[in-house]
Amino acid sequence: MTVIEEFHPDYLTLHLDGRFDAHETPQVRQSLATHTPKNVHINLEKVTFLDSAALATLVQAMKNCRERGGDVVLCNMPQPVRIIFELTRLDKAFKIINTVHDATQH
Amino acid sequence: MTLLNTNAATLVAAATNVDLTSAGSSAEMKSTVDTATQVAAAMAQLELELDDMAQDLIDSQDQLLALYEMNRSTRLNADLHDTLQMMAQQAQRLLRVDCAFVALTMPDHDLQFVQVPDGFVDFEQFTCICDESNNATQEWQLDPETHNAIFGIAIKNGYMRRFGIRAGVCAILGALNKKNGAFRSPDIKLARSIADRAASSIETALLVQDNLSQARLQTEIALAQRIQAELLPKSTILPDQIQLSVLSVPAREVGGDFYDMQALPDRPFAFYVGDVSGKGLSAAMLMAVTRTAIRTHHRYIYDPQPATILDRANYDLYGDFTDVGMFATVFYGQYLPLSNEIVYANCGHSPVIYMPHDGEPQLLEADSPPIGVMDTTFCSTHRLRFALGDVLLVTSDGLNEAGAPNGELFGIERMIALLKQYHSNSAQVIRDALLAAVNDFSKGVRHDDQTVLVLKHI
């Protein structure tokens, strides 16, 4: 999986591409630990699969951002990924929007 | 040597005496004396050379014995610190220096420093020596004028040699204050030879250390595996109407999946399946505490409603899960024999499939995120008719997310199709059929823990 960081004045956007599983979580954790953003937008448009370790990474990012007074916004969720969030009811815990552009409104 | 020199002097004196008594002319006498003196001087020189050669021979023999001793000690001595100590001792003795040391830097920047005699230089002084090495690639000598000021001790001279052991592991052999002179070519050759021996000895000690660590880890994992197996229920008295078959297979030695059953006299029969995010030892540890929290609430809570039990467990564990960045999905159910019902609550667990004997399979979706995600759950207690022939299938996502070699996932639809095909069989047959189908689909490759619980009303 590739992770592209895009810096904005108020938030960090991570564009993820590929299979997001336990092998790939360290680079996302590293990026978030390095920049310690208050707000993070995670673009999942090109993510083909998430496992529980990836979900745990997103949950941890959400908790950290909320502690700093910000939040994690998940954007462009493809259908297979959306199903995983619905089955685990993590869709109740996250802010999920359709486009990266919409995320800037949050 | 002393004896030989005395003999040479006696010879000169004897020759002089003979000449004084028997010679006819002073010229002849002087010539004879000169010859005798020259012979005596030549003999003395030869004796000196012989003495040096004998000493060299003794030294060489000593060095060979010492190197042999180093090799032998390497085989006998597996401890890394002892190996470094022995290398420093031998270097000090063979190189004839006031102090010898061996320093070892590890990939994690851990430094081991052993010197003989202990305390000759302190750590700061040693750091000064190593800083100097930045300009020298493999071996270098200390400038005594510079270092006397830094060390505050009398450093006459010093020789250092750096040598690699393996990737990320580097060592320095150092010798300070050569007795009787400077470090000459034979000393440096000997130091190189000692460094070569030291490299192989240290490598052996590191290998032994690695193997020991690996063996210790394997033992601990085996112990964890046994403890986890002990935590899973072996036999539980089931309600008469219930057939239950369950199996959990971790992807590694231990895993984060768990299941449990509780049959207490004053409580409804309870069963639950959980899945801690991640795999391995960390997941296994959290699996144990999650199971304990649920068990405790099931046993002691005043009104053991499924949603209340999971909410209390979440309350207990939220902080711990947050600290370690993990969560756990849990499906918790109770069978009520009087009303032939299952009551359940579901925190993020999937898939759970209910198949009534007279209807189509239904997916029982969670209504709350997993335990540990938020400080409160949103789950409710749901009721389900559970009559003769009804089947409930609860698995971990290690089954529906099992992948074929082409990347395709097994999926929930295949599980539903299998349940429709096998639901009239016993719980164990359904369980085994599902596991076999998943195993066949993924060609035996298991990336995640797999747990199957089948409950059937008989």
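A few words now on the interface of chain A and chain B. Facing the 19 residues of chain A at the interface are 26 residues of chain B. Interface area, chain A with chain B, both sides summed: about 1,700 Å², of which 60% is carbon and sulfur. Taken together, the links from chain A to chain B amount to one salt bridge. A salt bridge links Glu365(B) to Arg89(A), with the shortest nitrogen-to-oxygen separation between them at 4.0 Å. One can count five residue pairs in polar contact (both at pLDDT 80 or more) joining chain A with chain B. The set of elements that each furnish at least two residues to the side of chain A that touches chain B consists of strand S3 (40-50) and helix H2 (52-67) of chain A. If you tally residues by element for the side of chain A that touches chain B, the top one is H2(A), at nine residues. Each residue belonging to the side of chain A that touches chain B can be placed in one class, and the counts come to ten nonpolar, three polar and six charged.

On to the sheet that holds strand S12 (residues 362-363) of chain B. All names here are of chain B. If you trace the five strands from one edge of the open sheet to the other, you get S6-S15-S14-S11-S12, paired in antiparallel fashion. A single partner strand is all that each edge strand has here, and the edge strands are strand S6 (242-249) and S12. Both strand S11 (residues 352-355) and S12 contribute to a ladder of two bridges, which runs antiparallel. Its bridge partner being in S12, Ile353 is matched across the sheet by Leu363. In the packing of helix H10 (residues 411-422) onto the sheet, the strands contacted are S11, S12 and strand S14 (391-395), and the crossing angle to S11 comes to about 30 degrees.

A word on the nonpolar core. A general feature of soluble globular proteins is that nonpolar side chains tend to end up buried together. All names here are of chain B. Counting residues in hydrophobic clusters, the biggest one holds 46 residues, and the most contacted among them are Phe271, Val276, Ile294, Leu310, Ile342, Leu392 and Leu455. Those residues in contact with Leu310 that lie beyond four places of it in its chain are Ile294, Val330, Tyr332, Ala345, Asn346, Cys347, Ile371, Thr377 and Cys379. Counting residues in each nonpolar core, the second largest holds 35 residues, with Ala100, Phe163, Ala171 and Leu206 among its members.

All names here are of chain B. Among the secondary structure elements, Asn157 is positioned in the loop between helix H5 (144-151) and strand S4 (158-166). Asn157 sits in the buried class, given a relative accessible area of 12%. At a separation of 2.8 Å, a polar atom in the side chain of Asn157 contacts the main-chain amide nitrogen of Lys178. Within the local environment of Asn157, its side chain forms a polar contact with the backbone oxygen of Gly181, the two atoms lying 3.2 Å apart. Residues within four places of Asn157 in sequence aside, it is in contact with Ala175, Leu176, Asn177, Lys178, Gly181, Ala182 and Phe183.

Residues and elements named next belong to chain A. Turning to helix H1 (residues 25-35), its buried residues are Thr25, Val28, Ser31 and Leu32. Buried residues of H1 fall within an arc of 130 degrees about the axis and therefore sit on the same side. Turned more than 90 degrees away from the buried face of H1 sit Gln30, Ala33 and Thr34, all of them exposed. Those residues of H1 that are buried lie in contact with strand S1 (2-7), strand S2 (12-20), S3 and H2. Where H1 ends, the next residue or the one after it, Thr36, has phi of about 35 degrees, a positive value.

Cut-offs applied
- Residues numbered from 1 in each chain as written.
- Chains lettered and ligands numbered in written order.
- Predicted model: local features only at pLDDT ≥ 70, side-chain atom pairs only at ≥ 80, totals over all residues.
- Heavy atoms only, no water.
- Contact = heavy atoms within 4.5 Å.
- Buried area = accessible area lost by both parts, 1.4 Å probe.
- Salt bridge = Lys/Arg side-chain N within 4 Å of Asp/Glu carboxyl O.
- Polar contact = N/O pair within 3.5 Å; in protein donor to acceptor, adjacent residues only side chain to side chain.
- Helix = DSSP H or I, 4+ residues; strand = E, 2+ residues; numbered from the N terminus.
- Nonpolar A, V, L, I, M, F, W, Y, C, P; charged D, E, K, R; others polar.
- Pairing = 2+ DSSP bridges.
- Axes fitted to C-alpha atoms, helices over the stretch in contact; angles between N-to-C directions.
- Core = buried A, V, L, I, M, F, W, Y, C linked by side-chain atoms within 4.5 Å.
- Buried < 20%, exposed > 50% of the residue type's maximum accessible area, 1.4 Å probe, protein only.
- Arc of directions from axis to C-beta.

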